[in-house]
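Structural overview
Next come the chains, spelled out residue by residue.
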Amino acid sequence: MDASLAIEATGLRRVFGERIAVDGIDLRVPRGQIYGLIGPDGAGKTTTIRMLCGVIELSGGGARVAGLDIVREREAMKERIGYMSQRFSLYPDLTVIENLRFFADLFAVTRQQRAALIPYLLEFSGLTDFQQRLAGLLSGGMKQKLALACTLIHRPEVLFLDEPTTGVDPVARREFWRILYGLLKQGVTVFVSTPYMDEAARCQTIAFMSEGRILAAADPRELQRGLPETVIELAARPLELARTLARAMPGVSSVQAFGTLLHVLTADPQATEAALGPGLRAAGVEVLSIARTLPSVEDVFIAMTEKKV
Amino acid sequence: MRASRIWPIARKEFIQMFRDRRTLIFILMTPLIQLLVIGYATGGQIVNISLAVVDQSHSPDSRALVQAYLASGQFVQGPQLDSLAQAKVAIDDSQAKAAIIIPPGFGRSVGTGQPAEVSFLVDGTEPNTASTIIAASQLIGQAHSAQVRAQTIGARGSAFDIRTRVLYNPELSGTNYQIPALIGLILQLTTINLTAEAIVRERETGTMEQLIVTPIRPIELIIGKLMPYALASLTTALLVFIAGQLLFQVPVNGNVLLLFAFMLLFLLVPLGIGLWISAVSQSFRQAQALTLLFILPGFLLSGQFFPIESMPVVLRYITYLVPLRYFLPVLRGIFLKGIGLPELWPQGIGLVFWATFFLYLASSRFKKTLG
């Protein structure tokens, strides 16, 4: 095995009855990276993370995490990883400090380590003033940060985060990512799943996951550059009508809405551009702007899923 | 197995238990309420039984007999009637719970020292009450007849006394019979209830997933979780024990230490059952349904309220599957009869068997993964 890899999985597979949740995936996650697992709900992200953390059994394949086999050396592996599940899963009837101490106890964190680490974790999660508050009474963002602090109490080498920012407000999300970058500087490998494409761009490597398979894994900028299609950004009113019409234009492979804008993916930008403006205006659509733009991570993901089908 | 990982779990459970006031009150109050209800409802003595009187003798002796019944405090004067038929009607109409019929020749028989027959009618709709009435009617009647005989025969110079004694429970007190058994019922109820929720709660709040990624071993988690609940159950059992002494003066004729030793042994059974429920249930609802499944037969087939000896044969064999049925004879035996290990060891073996069975079943179902 490769010592420079934090996670190395081959043919990882999990079946629930008839349903194939994860369909034999390979992963190579270098140490010291933020690695993003991107995909829609039901793609198999949570199942993948749970297998890697030893929470559920494998149906096939294998993996090494932090240098240890996730089946044969499962318990030893658990001392080297941190895992934050999708749901807020701390004890709501314990206080902030009681939650931290509980996990410190289970991981047998020594008194000296604790004396240094607990104030630091409280500080960076902004919970110093809320130590005595019951965890159940914290705001969503604070709960998330407390959960993170608890998973860091034993100084894990590899940190697994399953959709850590789902249901957290944008300010808290930005704050959370700032903390993750801080961890990166300390050499921790972060493996994070997210349905948010804008968060994917913050990762050093991303893997697109769809229907239990990994479609591609690379640097997000590389993926954006590598997209053969061109993206035309369109602002128009009414949006729905514009979207329907744009789909029928020459060269167009897909049209996605991003808030009030449309992203038109085309293999033949010249032909599309020539037809798009006049075509829409003729149908009575008010066109506000048409311009080529760099593809977003989501554009890349959509282009890939469409090609697969 | 490391104590350093068991202790944090136990401490956490304690904190959670004390912080959840409602559950804590439930744990402590329910047994006491049960004690009061069962203690007073099964009643030390059944009193104020309306007694219809059919006195066909109209003699001083017959009046003295009736007076003896009324003086006991358990009976109150009901309608005065002339015939057996009228007495039956009175019971049918619930004007009386019981009737005493004294035949015409009663006064003469008593006077000459010949056997006299007195009939007693009892309303049998409530078997518990009825059996108490029957017992009371015989006890009072015999006491009185003994007194009369002693007087008449004593006058002739050949004194002898008839002494009827009811063993173990001279007041025929339902309380003395029920309260020791209640300790068993409460130990079972509280312990299964608490432990059944122990692991399920972690599953429902999602914290199980977090525990799985810590180095804790299943056995450490189980022991850490069981300790606080075992302690809580023992505390409630002790409360019931003390309250039983203070409120109902239930005697303890046997060895108290042996009693507590058996309590600890029995406790392992509901702990095992609760743990097994917790291990196989995915939600509170499932756990509660399963809990009922175990508690109800324990209630009905243990011999707490319905004597096992009077069950149909098939049912009597089924009771051997109910762990509580081994514990109740121990409780009643030590409390009322004052017996010890020489008589109770078979019950002990039964308890050891079921404790081992359920604890093994539970730990074999308990894995440290979600699936």
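Every value quoted in this text rests on a predicted model; they were computed, and no experiment measured them.

**Some thoughts on the overall build of chain B**
Each helix and strand counted, chain B has 14 helices and four strands in total. Residue burial in chain B is summarised as follows: out of 371 residues, 49% are buried. Of the contacts made within chain B by residues no fewer than 6 positions apart, 79% connect residues no fewer than 24 positions apart. Only carbon and sulfur atoms are counted for the fraction: they give 63% of the accessible area of chain B, which is about 18,100 Å².

**Digging into the environment of Lys78 of chain A**
By the element assignment, Lys78 of chain A lies in helix α2 (residues 74–78). Ignoring sequence-local partners within four residues, the contact set of Lys78 of chain A consists of Cys53, Gly54, Phe107 and His154 of chain A together with Ile212, Val213, Thr214 and Lys368 of chain B.

**With respect to the domain arrangement of chain A**
Residue and element names in this part refer to chain A. According to the domain assignment, chain A consists of domain 1 (5–223) and domain 2 (227–308). When each unit is reduced to the centre of its C-alpha atoms, the spacing between domain 1 and domain 2 is 36 Å. Taken residue by residue, the interface counts 15 residues in domain 1 and eight residues in domain 2. Three residues stand out in domain 1 for area buried against domain 2, namely Met197, Phe208 and Leu215, and they jointly supply 54% of the buried area on that side. Between domain 1 and domain 2 we count zero salt bridges in total. Remark: the boundary between domain 1 and domain 2 carries one residue pair in polar contact (both at pLDDT 80 or more).

**What about the pairing of strand β10 (residues 213–218) of chain A?**
All names here are of chain A. Relative to β10, strand β9 (residues 205–210) is paired through five bridges, and the arrangement is antiparallel. The residue of β10 that forms the bridge with Phe208 is Ala216. Once β9 ends, the chain turns through two residues before running back antiparallel as β10, passing Glu211 with a positive phi of about 50 degrees.

**Some words on the pairing of β9 of chain A**
Residue and element names in this part refer to chain A. Counted residue by residue, β9 has six buried out of six residues, so it is predominantly covered. Residues Thr205, Ala207 and Met209 of β9 are buried on one face, and the alternating residues Ile206, Phe208 and Ser210, pointing to the opposite face, are buried as well. Here four bridges tie strand β3 (residues 34–38) to β9, and the two strands are oriented parallel to one another. The residue bridging Gly36 from the neighbouring strand is Ile206, located in β9.

**So, the packing of helix α5 (residues 140–152) of chain A against helix α6 (residues 170–185) of chain A**
Residue and element names in this part refer to chain A. Running from N to C, α5 and α6 point in directions that differ by 15 degrees, and their axes come no closer than 10 Å. With respect to α6, the axis of α5 lies roughly parallel. Crossing of α5 against α6: the hand is right-handed. Only Ala172, Glu175, Phe176, Ile179 and Leu183 of α6 make contact with α5, whose side of the interface consists of Gly141, Gln144, Lys145, Leu148 and Leu152. Here the contact of α5 with α6 is composed, by residue class, of six nonpolar, two polar and two charged.

**A closer look at the sheet that holds strand β5 (residues 68–69) of chain A**
All names here are of chain A. One open sheet holds the four strands; their spatial order is β2-β1-β4-β5, and the pairing between them is antiparallel. Across the chains shown, the open sheet's two edge strands, defined by having one partner strand only, are β2 (19–30) and β5. Against the sheet, helix α1 (residues 45–52) engages β1 (5–16), β2 and β4 (60–65), with an angle of about 120 degrees to β1.

**Digging into the interface of chain A and chain B**
Listed per partner, the contact involves 30 residues of chain A and 28 residues of chain B. In total, about 2,600 Å² of surface goes out of reach between chain A and chain B, with carbon and sulfur atoms giving 57% of it. Three residues stand out in chain A for area buried against chain B, namely Val55, Tyr91 and Leu106 of chain A, and they jointly supply 23% of the buried area on that side. Linking chain A to chain B there are three salt bridges. Residue Arg19 of chain B pairs with Glu98 of chain A through a salt bridge whose shortest N-O separation is 2.6 Å. Inspection of the chain A/chain B interface yields ten residue pairs in polar contact (both at pLDDT 80 or more). Among the secondary structure elements, those contributing two or more residues to the side of chain A that touches chain B are α2, β6 (81–84) and α3 (96–106) of chain A. At five residues, the largest contribution of residues to the side of chain A that touches chain B is made by α3 of chain A. Residue composition of the side of chain A that touches chain B, by class: 14 nonpolar, five polar and eleven charged.

**Considering the packing of aromatic side chains**
Inspection of the entire model under this criterion finds 22 aromatic pairs over all chains. For the ring pair Phe241 of chain B and Phe335 of chain B, a centre distance of 5.8 Å and an interplane angle of 55 degrees mean the geometry is tilted. Separated by 94 residues along the polypeptide, Phe241 of chain B in helix α9 (residues 218–248) and Phe335 of chain B in helix α13 (residues 324–337) bring together distant segments of the chain. By the burial criterion, Phe241 of chain B is buried, and Phe335 of chain B matches it. For the pair Phe266 of chain B and Phe327 of chain B, a centre-to-centre distance of 4.3 Å together with 10 degrees between the ring planes defines the contact as stacked. Residue Phe266 of chain B is found in helix α10 (residues 256–280), and its partner Phe327 of chain B is found in helix α13; the two are separated by 61 residues along the sequence. For the residue pair Phe266 of chain B and Phe327 of chain B, the accessibility class agrees, reading buried in each case. Pairwise contacts between aromatic rings join Trp276, Phe294, Phe353, Trp354, Phe357 and Phe358 of chain B into one cluster. Above the plane of the ring of Tyr196 of chain A lies Arg173 of chain A, whose end atom (NZ or CZ) is 3.8 Å from the centre.

**A short note on helix α4 (residues 111–124) of chain A**
Residue and element names in this part refer to chain A. Between its first and last C-alpha atoms α4 spans 20 Å; for 14 residues at 1.5 Å apiece the expected length is 20 Å, and the two agree. The sharpest bend along α4 measures roughly 25 degrees and falls at Leu117, with the proline Pro119 sitting one to four residues further on. Within α4, burial applies to Arg114, Leu117, Ile118, Leu121, Leu122 and Phe124. Lining the buried residues of α4 we find α3, α5 and α6.

**Description of the nonpolar core**
Counting residues in each nonpolar core, the largest one holds 158 residues, and the members touching the most others are Val65, Phe160 and Phe191 of chain A together with Phe327 of chain B. No other element matches α10 of chain B, which puts 15 residues into this core. Setting aside residues up to four positions removed in sequence, Val65 of chain A forms contacts with Ala6, Ile7, Leu52, Ile70, Met77, Ile81, Val158 and Phe160 of chain A. Judged by nonpolar contacts, the second largest core, of 18 residues, contains Tyr69, Leu70, Phe75 and Phe106 of chain B.

Reading guide: rules and limits
- Residues numbered from 1 in each chain as written.
- Chains lettered and ligands numbered in written order.
- Predicted model: local features only at pLDDT ≥ 70, side-chain atom pairs only at ≥ 80, totals over all residues.
- Heavy atoms only, no water.
- Helix = DSSP H or I, 4+ residues; strand = E, 2+ residues; numbered from the N terminus.
- Buried < 20%, exposed > 50% of the residue type's maximum accessible area, 1.4 Å probe, protein only.
- Contact = heavy atoms within 4.5 Å.
- Areas by Shrake-Rupley, 256 points an atom, 1.4 Å probe, with all protein chains shown as cover.
- Domains from an automatic or database assignment.
- Buried area = accessible area lost by both parts, 1.4 Å probe.
- Salt bridge = Lys/Arg side-chain N within 4 Å of Asp/Glu carboxyl O.
- Polar contact = N/O pair within 3.5 Å; in protein donor to acceptor, adjacent residues only side chain to side chain.
- Pairing = 2+ DSSP bridges.
- Axes fitted to C-alpha atoms, helices over the stretch in contact; angles between N-to-C directions.
- Parallel < 35°, antiparallel > 145°, perpendicular 65-115°, else oblique.
- Left-handed = near helix turned anticlockwise from the far one by under 90°.
- Nonpolar A, V, L, I, M, F, W, Y, C, P; charged D, E, K, R; others polar.
- Phe/Tyr/Trp six-rings, centres within 6.5 Å; stacked < 30°, edge-to-face > 60°.
- Lys NZ or Arg CZ within 6 Å of the ring centre and 35° of its normal.
- Expected span 1.5 Å × (residues − 1).
- Bend = angle between axes of the 7 residues up to and from the residue.
- Core = buried A, V, L, I, M, F, W, Y, C linked by side-chain atoms within 4.5 Å.

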